[in-house]
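Okay, here's what each chain looks like letter by letter:
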Amino acid sequence: MGDLFLVRHGETEWSRSGRHTGWTDVPLTEHGRQEARRLVPLIRSHRIGAAFVSPSQRARETAELIGIPDGRVDADLREWDYGGYEGVTTVEIQRTRPDWFLFDDGVAPGPPEHPGESPEQVGERADRMLGKVDAALANTEGVVVLVAHGHFLRVLTARRLGLPPRHGALFQLATGTLCRLGTEHGRPVVAGWNIRPPE
């Protein structure tokens, strides 16, 4: 079976300032576009068997910029629903909840259309996505690429390694980077993390 490539979208104004960005469709900054373009040589050096992309414009534009304009858009790749913490920074949240930690505590309830997700709910989406990845890997040659979001991809990595969703906290993930999940002796491993080509 081939490897799984994870691409976090390039920088946005909200990612730069640390604001939690779930459903708000914030575009890439020019720096974010440059981050994505720099990944092209890394992507082109592999045969792409299948690609899946989050519905958000920041992920779709990143996919186009890295040379994957026709990736399958999949709602399971959307970012964590931050509910009442949408657009709020961790520093602001901790003014009233000093011990708050996303991967342990989840989020405050939001509006009915975006009520927020627990770590376990994000983990369930990640598991569904990994099922699709495994089906693609079994039916194609080459790597499978996911273009999505930081917190979701961290949870997905934890689940790929057999860890609970909250252990996504262990995998800091920068904007505009490539991560590679592979296998060793038939077991899933992290084969590369936060990869960027040299300047």
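Structure first, text after, so check above.
Heads up: these notes are all about the structure in this document. Remember, predicted model here, so these are calculated numbers, not experimental data.

Criteria and cut-off values
Residues numbered from 1 in each chain as written. Predicted model: local features only at pLDDT ≥ 70, side-chain atom pairs only at ≥ 80, totals over all residues. Heavy atoms only, no water. Helix = DSSP H or I, 4+ residues; strand = E, 2+ residues; numbered from the N terminus. Buried < 20%, exposed > 50% of the residue type's maximum accessible area, 1.4 Å probe, protein only. Expected span 1.5 Å × (residues − 1). Arc of directions from axis to C-beta. Contact = heavy atoms within 4.5 Å. Pairing = 2+ DSSP bridges. Axes fitted to C-alpha atoms, helices over the stretch in contact; angles between N-to-C directions. Parallel < 35°, antiparallel > 145°, perpendicular 65-115°, else oblique. Left-handed = near helix turned anticlockwise from the far one by under 90°. Nonpolar A, V, L, I, M, F, W, Y, C, P; charged D, E, K, R; others polar. Phe/Tyr/Trp six-rings, centres within 6.5 Å; stacked < 30°, edge-to-face > 60°. Salt bridge = Lys/Arg side-chain N within 4 Å of Asp/Glu carboxyl O.

**With respect to unusual backbone geometry**
Phi angles above zero are rare outside glycine, and His 185 is one such case at about 55 degrees. Tracing the chain through its elements places His 185 in the loop between strand S5 (178-184) and strand S6 (187-195). Overall, His 185 belongs to the exposed group, its relative accessible area being 78%. The phi angle at Asn 194 is positive, at roughly 50 degrees, despite the residue not being glycine. Inspection of the secondary structure assignment puts Asn 194 in strand S6.

**Remarks on helix H7 (residues 119-138)**
Along its 20 residues, H7 runs 28 Å from first to last C-alpha, staying within 8% of the 28 Å computed at 1.5 Å per residue. Within H7 the residues assigned to the buried category are Pro 119, Val 122, Gly 123, Arg 125, Ala 126, Met 129, Leu 130, Val 133, Ala 136 and Leu 137. End-on, the buried residues of H7 take up no more than an arc of 160 degrees, which puts them together on one face. Set apart from the buried face of H7 by more than 90 degrees, the exposed residues are Glu 120 and Ala 138. On its buried side, H7 packs onto strand S1 (4-8), strand S2 (48-53), helix H6 (102-105), strand S4 (143-148) and helix H8 (150-160).

**Brief notes about the pairing of S1**
Within a regular beta strand, the side chains point alternately toward one face of the sheet and then the other, so they alternate between its two faces. Most of S1 is tucked away: five of the five residues are buried. Inspection of the sheet shows S1 paired to S4 by five bridges, in the parallel sense. The residue bridging Leu 6 from the neighbouring strand is Leu 146, located in S4. Pairing geometry for S1 and S5, over four bridges, is antiparallel. Residue pairing across strands places Leu 4 opposite Leu 181, the latter belonging to S5.

**A word on the packing of H7 against H8**
The description of two helices packed together rests on the angle between their axes and the distance between the axes. As a packed pair, H7 and H8 sit with axes 9 Å apart at the nearest point and diverge in direction by 65 degrees. As judged from the angle between their axes, H7 and H8 are roughly perpendicular. The two elements H7 and H8 meet at a crossing, and its hand is right-handed. Between H7 and H8, the residues in contact are Val 122, Gly 123, Arg 125, Ala 126, Asp 127, Met 129, Leu 130, Val 133, Asp 134 and Leu 137 and Phe 152, Val 155, Leu 156, Arg 159 and Arg 160, respectively. Looking at the contact of H7 with H8 residue by residue, the class counts come to nine nonpolar, one polar and five charged.

**Looking at the pairing of S6**
Where S5 and S6 come together, six bridges link them in antiparallel fashion. From the neighbouring strand, Gly 182 faces S6, where its bridge partner is Val 189. Where S5 hands over to S6, the hairpin turn is made up of two residues, of which His 185 adopts a positive phi near 55 degrees.

**Observations regarding the packing of aromatic side chains**
Scanning the model with the defined rule gives five aromatic pairs in all. Relative to Phe 103, the ring of Phe 101 lies with its centre 5.9 Å away and its plane at 50 degrees, an arrangement referred to as tilted. Taken together, Trp 80, Tyr 82, Phe 101 and Phe 103 form an aromatic cluster joined through their ring pairs.

**A few points about the pattern of salt bridges**
All told, the structure shown has 16 salt bridges when counted by the stated rule. Between Lys 132 and Asp 76 there is a salt bridge whose closest N-O contact spans 2.7 Å. Residue Lys 132 is located in helix H7, and its partner Asp 76 is located in the loop between strand S3 (72-73) and helix H5 (90-96); the two are separated by 56 residues in the primary sequence. Note on Lys 132: relative accessible area 25%, which makes it partly exposed. Since its relative accessible area comes to 9%, Asp 76 is described here as buried. Between Arg 125 and Glu 117 there is a salt bridge, with the nearest N and O atoms lying 2.8 Å from each other. On the accessibility criterion, Glu 117 (9% relative accessible area) is buried. Connected through salt bridges with shared partners, the residues Arg 72, Asp 74, Asp 76, Arg 128 and Lys 132 form a single ionic network.

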